[in-house]
Amino acid sequence: MVVRYRKAVTYGVHALLAALQASGVECELRHGTSPEETAAQITASGGDRVLVLWSFYSPDAEAMAAELAAVRALADGPHVLHIAGGVHATAEPQHVLDSGWDLAGIGEGESTIVALVTALREDAELTTVPGLAVRDHDGVALRTRPAPQLPLDAHRSFPSGARRHVGPIELTRGCRYTCRFCQTPFMFGGQFRHRSVASVVEHVRGMREEFGLRDVRFITPTSLSYGAPGPDADLDAVEELLASVQAELPGDGRIFFGSFPSEVRPEHVTPEAMAMLRRYVANDNIIIGAQSGSDRILAASGRGHGAGPVRDAVRIAVEHGFRPNVDFMFGMPGEDEADQDASLRLADDLVELGARIHTHTFMPLPGTPWRDADPAFIPVETMRRLDRLAQRGEAYGHWRRQAEHSTRLAETAKAYPRRTRRRRTDG
Ligand code: SF4
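Treat the numbers as computed from the prediction; the structure is a model and nothing was measured.

So, how was this worked out
Residues numbered from 1 in each chain as written. Predicted model: local features only at pLDDT ≥ 70, side-chain atom pairs only at ≥ 80, totals over all residues. Heavy atoms only, no water. Helix = DSSP H or I, 4+ residues; strand = E, 2+ residues; numbered from the N terminus. Rg over C-alpha atoms; globule rule 2.2 N^0.38 Å. Buried < 20%, exposed > 50% of the residue type's maximum accessible area, 1.4 Å probe, protein only. Contact = heavy atoms within 4.5 Å. Areas by Shrake-Rupley, 256 points an atom, 1.4 Å probe, with all protein chains shown as cover. Pairing = 2+ DSSP bridges. Axes fitted to C-alpha atoms, helices over the stretch in contact; angles between N-to-C directions. Salt bridge = Lys/Arg side-chain N within 4 Å of Asp/Glu carboxyl O. Domains from an automatic or database assignment. Buried area = accessible area lost by both parts, 1.4 Å probe. Phe/Tyr/Trp six-rings, centres within 6.5 Å; stacked < 30°, edge-to-face > 60°.

**Section: the overall build of the protein**
- What the protein contains, in helices and strands, is 15 helices and 18 strands.
- Over its C-alpha atoms the protein spans a radius of gyration of 22 Å, differing by no more than 12% from the 22 Å that the globule rule assigns to 427 residues.
- The buried share of the protein, reckoned over its 427 residues, is 54%.
- Looking at the protein alone, contacts between residues at least 24 apart form 75% of all its contacts between residues at least 6 apart.
- In the structure as shown, the protein presents an accessible area of about 18300 Å², 51% of it carried by carbon and sulfur atoms.

See below:
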């Protein structure tokens, strides 16, 4: 197996490698950190069957298709199978197959990759593998039976044996919130699946014993939801987690929680929660999802909170010694100038309180309720105000590049209407 190894998607790939390792299925693994190296590894492997693993987010689909063509031009043959997994492949398997991949991985990939490698080794029909889309005789995506969504403890976040594969520990998969722009509930389900404290501790112990690592980071859609089934934070569960991790680390170990690559919801930022975090965490910043300063747009987007809790969250976080980085998204469907003005005024207020603004542009992402929604127009004056914030170091982000992605995603959505008929295998 050759992995097209890209920094942007390593966490998901590491989880698949962990699943393969746990299964005991034999598979020689190679990494390609560029299209050229990927092609060279395909050639060097000399395998009878070579599976090339790709994963990418929707905004990168076009660039990855160009890379795939470059790899195929350098190393190809009937023994080479390219599979794309991840959220874009899950939402748009037909687009992935039309773009040149042989297979699309649909949904959570751990059981699929194990079954796929096994099927290739045994020369079995790929239609027996769960969670795949294969090209039918007429080019239409033929889906196999769905891959299961197992409790998170069934999967490790990364395999043992190689330092390069160690990363953040996935704490929670799935999200019970219903933000209309977000792919997480679509990809991983609308309920939280939390990793147990015992499983987290086991990961930490492995990192420490095998590689002497002392910094721990987590992946979770909403950090302070850890251990809770619903919208209310369970601070006892969070504290049990942090205390257990701290006990497993050496004296100079560090826990990063509520910061990159995770965030917290504004209504969870209470004095009690921040005081508790201060006792355990090493991060000086915390990432808060705000998205808009307009209550009307927050309601339309299904965020489940208004603008008031965002202001409170920033004030409370600053009072407890955290610098908040606050996510904003401009151009959400139905947003007008008054809504954008409300967002910019809130952003100014938050900067005044001590926050930095992380700016995004709305993208109609596949699989989300807003896949087919038109992004709102962002006038020049709004752009100027965002630029001024960035020039003063008060805002950062790739919102201009995301605006370009937004246009391309809207074009793909139109080319692949949501109601395209789904074809499934009988198995
Ligand atoms: S934006 Fe965050 S809170 Fe909302 S659905 Fe996505 S992961 Fe959940």
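The rest of the description comes next.
**Topic: the sheet that holds strand 5 (residues 103-105)**
- Strand order in the open sheet made by the eight strands is 2-1-3-4-5-6-7-18, with mixed pairing throughout. Across the chains shown, the open sheet's two edge strands, defined by having one partner strand only, are strand 2 (30-32) and strand 18 (423-424).
- In terms of strand pairing, strand 7 (residues 141-143) meets strand 18 through two bridges, oriented parallel. Counted as the bridge partner of Arg 143 is Arg 424 from strand 18.
- Running at roughly 150° to strand 2, helix 2 (residues 35-45) makes contact with strand 1 (2-4), strand 2, strand 3 (50-55) and strand 4 (80-85) of the sheet.
- With respect to the sheet, helix 6 (residues 110-122) is in contact with strand 3, strand 4, strand 5 and strand 6 (132-135), its orientation differing from that of strand 3 by roughly 160°.

**Here's the deal with the pattern of salt bridges**
- Applying the stated criterion across every chain, the model contains 33 salt bridges.
- Its salt-bridge partner being Arg 30, residue Glu 28 comes within 2.6 Å of it at the nearest N-O pair.
- Glu 28 sits in the partly exposed class, given a relative accessible area of 47%.
- Beyond isolated ion pairs, a larger network of salt bridges with shared partners links Glu 108, Glu 110, Glu 170, Arg 173 and Arg 193.

**Describing the domain arrangement of the protein**
- Assigned domains of the protein: these are domain 1 (2-148) and domain 2 (161-415).
- Taking only C-alpha atoms into account, the centre of domain 1 sits 29 Å from that of domain 2.
- With 20 residues of domain 1 in contact, the opposing surface of domain 2 contributes 21 residues.
- Both faces considered, domain 1 and domain 2 share a buried interface measuring about 1800 Å² in area, 60% of it formed by carbon and sulfur atoms.

**As for the packing of aromatic side chains**
- Under the defined criterion, the tally for this structure stands at six aromatic pairs.
- When the centroid spacing of 5.8 Å and the interplanar angle of 80° are considered together, the rings of Trp 54 and Trp 101 count as edge-to-face. Of this pair, Trp 54 sits in strand 3 while Trp 101 sits in the loop between helix 5 (93-98) and strand 5, placing them 47 residues apart in sequence.
- According to the relative accessible area criterion, Trp 101 is buried, its value standing at 1%.
- Taking the centre distance of 5.9 Å and the plane angle of 75° together, the rings of Phe 218 and Phe 257 count as edge-to-face. Residue Phe 218 is located in strand 12 (residues 218-219), and its partner Phe 257 is located in the loop between strand 13 (254-255) and helix 10 (271-280); the two are separated by 39 residues in the primary sequence. With respect to class, Phe 218 is no different from Phe 257; both count as buried.
- Counting every residue linked through ring pairs, the aromatic cluster contains Trp 54, Phe 56 and Trp 101.

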